[in-house]
Amino acid sequence: MSVKAFELVPVVERELLSGDKARIVIECLECCGKYLYVGTNDCFIHHFLLEEQTIAKGSVVYLSQKLQQKHLGLKKAVSELKAASALERLIVLCDATIYVHDMLSLEVVPSGSAKIKGVLSFCVNENPVSADPFCVELGVISSRRRAVQIYTVHEDRVQLVKELSTPQQPCALSLDGYFLCLALTSQYMILNYSTGASQDLFPYDSEERKPIIKRIGREEFLLAAPGGLGMFANAEGMSQRAPVNWSENVVGAAVCFPYVVALDEGFVTVHSMLDQQLKQTLSFRDGHILQDFEGKLVLASTKAVYMLVPLPLERQIQDLLAGNRVDEALTLTEGARRNIPKDRFQILHKRILQQAGFIQFGQLQFLEAKEHFRKGQLDVRELISLYPLLLPASSSFARCHPPLHPFADLNQLTQGDQEKVQRCKRFLISYLHEERSSEGQNGFREEVDTALLKLYAEAHHESLLDLLASDNACQLADSAPWLEKHHKYFALGLLYHYNGQDASAVQMWVRVVDGDLQDPTRSDLFEYVVDFLSFCPNLDLVWKHAEWALKRDQTIGAQIFTKRPVDGDQGSKMNPEDVVTYLQKHSHALLLYLEHLVLDQHVQKEKFHSQLALLYTERVLALLSQPSSPDQALSLGQARSKLQRLLKESSLYRVQILLGKIDGVEQLLVEQATLRGRLGEHERALHILVHQLRDRSAAEDYCSWASTPQEPSLGQQLFHLLLATYLDPDVPGGVDTVAAVDLLNRHGNMFDAVRVLGILPEGWSLQLLRPFLTAAVRKNAHEQRTAQVALGLARSENLQLLHDRLKTRGGPVLVSEKKGCQLCHNTFSEPDCVCLPGGVPVHTHCAAQRLQDSPAKRRLENGSDHT
């Protein structure tokens, strides 16, 4: 996968360097700032001034000016050049000797100690350990013995610091801090010249190829390994990067992050350090020098000098994106992090992610696109703007410039393919829904919610109602026409409601219910409207549509009033009397509302109870007047059940009015008996139930109903009255022995046994009354024993009091006007007092009250007559 990462730019042409001298060959290079130094095989140093210029389309050219040249006075080639800008010195290796020259004049420094003899090769420590800024550290390979020497070069002298022996003759070296990376005869090694510790790396054959060692960063080196590999090694001898697979015949290498550049006999190859792939190949014949000088890659053939000018990373990334090579572009962007200021990188990284997202969106790779949009913090409006008409008309959004993608809109992207269009719309629904849920809308809620509403409506999506029922920012003016266009009238009503236009909402729903508009969203829309009105705080709106609802269905329409919260705001409360008055022309709704007030809300108001009872009564009488049928019988039974329940549970209705309605109606004897009971005419009520209705069970239920916990004696009186009715010989049918015995045996606890035995006929068998008599005896024995226990407790308490009194008698009891009672804490006004145990004086009335409140006293008062 190729990418244009570098351009080859001429710097020094052959004519400027050697003129017409055919034998002149470039041996070494050094670049320092704007100065270029070239060492040749004829012992000359050529000094050039370089000027970098940028021309059209960002291309770079170099203008070179030859300042001077210097012959070293020897017949050997200049082997190596290194500049020490802090000292303004040029370090030269020629004829196995290092000389120190002035950088500007190229003259040798006039000091006999400023040179080193017997040198095979040397390097400058670019991570010096010395704190002296005017000092250069050199690593030197000795040509006379197997050793490496460390020197410091000062302005006027050279000083040996340390010498280290090596197991084999070194061929090449590089220095970083205390760490020397050496190429020996048959292997590479790392040597710490401070501690003497060494680490073998890997073998190689120096006779087959020239070793290459390049320092590429702090304590990290690039080495030419066997098999055509460029290996990375750190000071610990470990490799933290994957190797680069370059040519077998590499003669030079350099690093310009994130690329490794290698030179062989015919080409310059560029590999990425990020993915180890070959990115670019440049044809370059007769190349034999490739050096990295302060980030500049200088390349030389035997006759001329060139620069490898890196293209801006942003341009490289854009070229990759233009070729839809998203992964490579992102990898390169991540790799550029170390070379770009943090703030600028964050801006660049976000934009590249956004562009990558749109590329993958265009390829319908939605999962990858969504991931890049999220990481790149895409302005969601950029995506929405691709879809025609989704952005609100009021939105002031303008697309990013330069644009993030080449698409005008979705139609251009999909070429009119409707299946692709629908896929893109489904993706946008998913993306906007997640954006909305994560609150990552970047402050553009109106655009997001309005776009979602339009997409939901167009796709008949079930989430449309959820959107409108939740907190949303859908723009009403833009959304309403869209909902009408897609016949989403129920949703439009919800939108009106959310924007405070309840009248418009209800009017829209009413038209749907009446069939003027068609929207199948809710089959129970009428019930929904009624429920809405029951909670609506706008009473004018409720009264306006209540008539419509009641005409359509009184049962459901009545819920407008029955479901209305009782504890609403004062302005939204309805006066029950106003509602009852309003419902007079809707009898069934009135009945339901009165049931709500009386039975559910337990409103204690005579008017409502009486009116409900009258409605129940009229309903029963109406059903009695109808021809008999199964349906009539069922309805009549339900209506009578409601009436009977109300008559028994309520005591607020007007009894005389109701009795006047049903008196003489033979089918309503139970109801008549209940009303007679309300008037206190219990004997007549029981006569109706026993002799007219002949329903013993109803008579017993009446006695139980009429007796109350507040008046337990009334229940006993009623049961005795019922027993007397059964035993009355003057009524038709005479004495009802079976009913009387059954009553006594089943409700024996409601009778006074002594009184019952006094009225029973003498000829009755005791065997008939055995259950009653057994229960009565047991009850009597229980009450007697309980009374005896209470009496014993009272005597015990009295005895204890006498004992305490005797213990306190004999000593004086001091009472004064300043001394207070221990029970009421008031002072004594007279000498009369009572002494508590312990000799504590209290008022006589306080002591009497305490005795009255004692448990024994209470038990005595609650005991039976046997006590």
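These remarks concern the structure in this document. Everything quoted here is computed from the prediction, not taken from an experiment. Sequence order as written defines residue numbering, which begins from 1 separately in each chain. Only residues with pLDDT of at least 70 get local features here, since the model is predicted, and only at 80 or more are side-chain atom pairs given and counted; chain-wide, interface and lining totals rely on the full set of residues. The side-chain values count all of the structure's non-hydrogen atoms but skip hydrogen atoms and water molecules.

Quick look at the overall build of the protein
Strands here are runs of E lasting at least two residues and helices are runs of H or I lasting at least four, both read from the DSSP assignment and numbered beginning at the N terminus. When you go through the protein residue by residue, the secondary structure sums to 31 helices and 30 strands. Taken over the C-alpha trace, the protein has a radius of gyration of 56 Å; the compact-globule value for 867 residues is 29 Å, which it surpasses by more than 25%. When the backbone C-alpha atoms are referred to their principal axes, the protein occupies close to 165 × 100 × 60 Å. Note on classification: 1.4 Å probe, protein chains only; a residue is buried when its accessible area is under 20% of the maximum for its type, exposed when over 50%, partly exposed between these limits. Each of the 867 residues in the protein was classed as buried or not, and the buried ones make up 46%. Throughout, the radius of gyration refers to the C-alpha atoms, and the reference size of a globule is 2.2 Å times the residue count to the power 0.38.

Describing the sheet that holds strand β12 (residues 147-153)
Strand pairing is defined by DSSP finding a minimum of two bridges between the two strands. The strand order across the open sheet built from 4 strands is β10-β11-β12-β13, with neighbouring strands paired in antiparallel fashion. Both edges of this open sheet fall to β10 (119-124) and β13 (158-165), since each of them pairs with a single strand only. The mean angle between the axes of side-by-side strands here comes to 25°, regardless of whether they run parallel or antiparallel. Axis definition: a line fitted to C-alpha atoms, over the contacting stretch in the case of helices. Angles run 0 to 180 degrees between N-to-C directions.

Here's the deal with the packing of aromatic side chains
To pair, rings of Phe, Tyr and Trp, with the six-membered ring standing in for Trp, must have centres within 6.5 Å; the planes then decide the type, stacked if under 30 degrees apart, edge-to-face if over 60, and tilted in the middle. Summed over all chains, the structure comprises 21 aromatic pairs. Aromatic side chains Tyr 702 and Trp 705 sit 5.5 Å apart centroid to centroid with 55° between the ring planes, which places their arrangement in the tilted category. One end of the pair is Tyr 702 and the other is Trp 705, both in helix α25 (residues 696-706) and 3 residues apart, which spans about a single turn. Joined through ring pairs, the aromatic side chains of Phe 358, Phe 361, Phe 366, Phe 373, Phe 427 and Tyr 431 make up one cluster. Lysine and arginine charges are scored as sitting over a ring when NZ or CZ, respectively, is within 6 Å of the ring centre and within 35 degrees of the ring normal. Over the face of the ring belonging to Phe 232 we find Arg 241, whose NZ or CZ atom lies 5.9 Å from the ring centre. Sitting above the plane of the Phe 444 ring, Arg 381 keeps its charged end 3.7 Å from the centroid.

Here we look at helix α15 (residues 539-552)
Residues lying three or four places apart along an α-helix face the same way, a consequence of the helix completing one turn every 3.6 residues. Multiplying one less than the number of residues by 1.5 Å gives the expected span of a helix. End to end, α15 covers 20 Å across 14 residues, agreeing with the expected 20 Å (1.5 Å per residue, within 8%). We define the bend at any residue as the angle between the axes fitted to the seven residues before and including it, ending there, and the seven starting there. Residue His 545 marks the point of greatest curvature in α15, where the axis turns by about 35°. Within the sequence span of α15, burial applies to Leu 539, Leu 541, Val 542, His 545, Ala 546, Glu 547, Trp 548, Ala 549 and Leu 550. Only heavy atoms matter for contacts: two residues are in contact if any of them lie within 4.5 Å across the pair. Contacts made by the buried residues of α15 are with α13 (502-513), α14 (525-535), α16 (554-557), α17 (559-562), α18 (576-582) and α19 (587-600). Polar contact criterion, stated in full: a pair of N or O atoms within 3.5 Å, where within protein one must be able to donate a hydrogen and the other to accept it, and residues adjacent in sequence count only if both atoms are side-chain atoms. The distance from a side-chain oxygen at the start of α15 to the backbone nitrogen of Asp 540 is 3.2 Å, and the residue carrying that oxygen is Asn 538.

What about the packing of helix α2 (residues 313-322) against helix α3 (residues 326-335)?
Two elements in contact, α2 and α3, have axes separated by 8 Å at closest approach and are oriented at 165°. In terms of orientation, α2 and α3 fall into the roughly antiparallel class. Taken as a pair, α2 and α3 cross one another with a handedness that is left-handed. Contacts from Leu 313, Gln 316, Ile 317, Leu 320 and Leu 321 of α2 reach α3 at Val 326, Glu 328, Ala 329, Leu 332 and Thr 333. Broken down by class, the residue content of the contact of α2 with α3 amounts to 7 nonpolar, 2 polar and 1 charged. Here roughly perpendicular refers to angles of 65 to 115 degrees, roughly parallel to angles under 35, roughly antiparallel to angles over 145, and oblique to all remaining angles. The handedness criterion is simple: a crossing whose near helix is rotated anticlockwise from the far helix by less than a right angle is left-handed, and one whose near helix is rotated clockwise is right-handed. We call Asp, Glu, Lys and Arg charged. Ala, Val, Leu, Ile, Met, Phe, Trp, Tyr, Cys and Pro are nonpolar, and the rest, Gly among them, are polar.

Some details on the state of the cysteines
We call a pair of cysteine sulfur atoms a disulfide when they lie within 2.5 Å. As enumerated under the stated definition, the model contains 0 disulfides in all. Take Cys 824: it sits in no disulfide, and the sulfur closest to it among the cysteines is that of Cys 846, at 3.7 Å. Given the relative accessible area of 26%, Cys 824 is considered partly exposed.

Topic: the pairing of β12
Counting buried residues in β12 gives 7 out of 7 residues, a clear majority hidden from the surface. Burial of the side chains of β12 extends over both faces: Ala 147, Gln 149, Tyr 151 and Val 153 are buried on one face and Val 148, Ile 150 and Thr 152 on the other. Sheet analysis places strand β11 (residues 136-142) next to β12, joined by 6 bridges and oriented antiparallel. Its bridge partner lying in β12, Val 140 is registered against Gln 149. Note that β12 and β13 share 7 bridges and pair antiparallel. The partner of Ala 147 across the bridge, within β13, is Ser 165. Counting the residues in the hairpin turn of β12 and β13 gives 4 residues.

Looking at the sheet that holds strand β17 (residues 198-203)
A sheet is described by the order of its strands in space; here 4 strands give the open sequence β14-β15-β16-β17, paired in antiparallel fashion. Edge strands, defined here as strands with exactly one partner in the open sheet, are β14 (172-176) and β17. With direction set aside, neighbouring strand axes in the sheet form an average angle of 15°. In this structure, β14 lies alongside strand β15 (residues 179-183), joined through 5 bridges in antiparallel fashion. Bridging from a neighbouring strand, Ala 172 pairs with Ala 183 of β15.

Some words on the nonpolar core
Generally speaking, a soluble globular protein has its nonpolar side chains buried in company with each other. Nonpolar cores are built from buried Ala, Val, Leu, Ile, Met, Phe, Trp, Tyr and Cys residues. Side-chain atoms within 4.5 Å join them into one set. Counting 106 residues, the largest nonpolar core has Phe 361, Phe 373, Leu 383, Tyr 387, Leu 432 and Phe 561 as the members making the most contacts within it. Among the elements that take part in this core, α19 stands out by supplying 8 residues, more than any other. Here Leu 432 is in contact with Val 380, Ile 384, Val 448, Ala 451, Leu 452 and Leu 455, once residues within four sequence places are set aside. Among the nonpolar cores identified, the runner-up in size contains 34 residues, and Val 3, Val 268, Ala 336 and Ile 352 belong to it.

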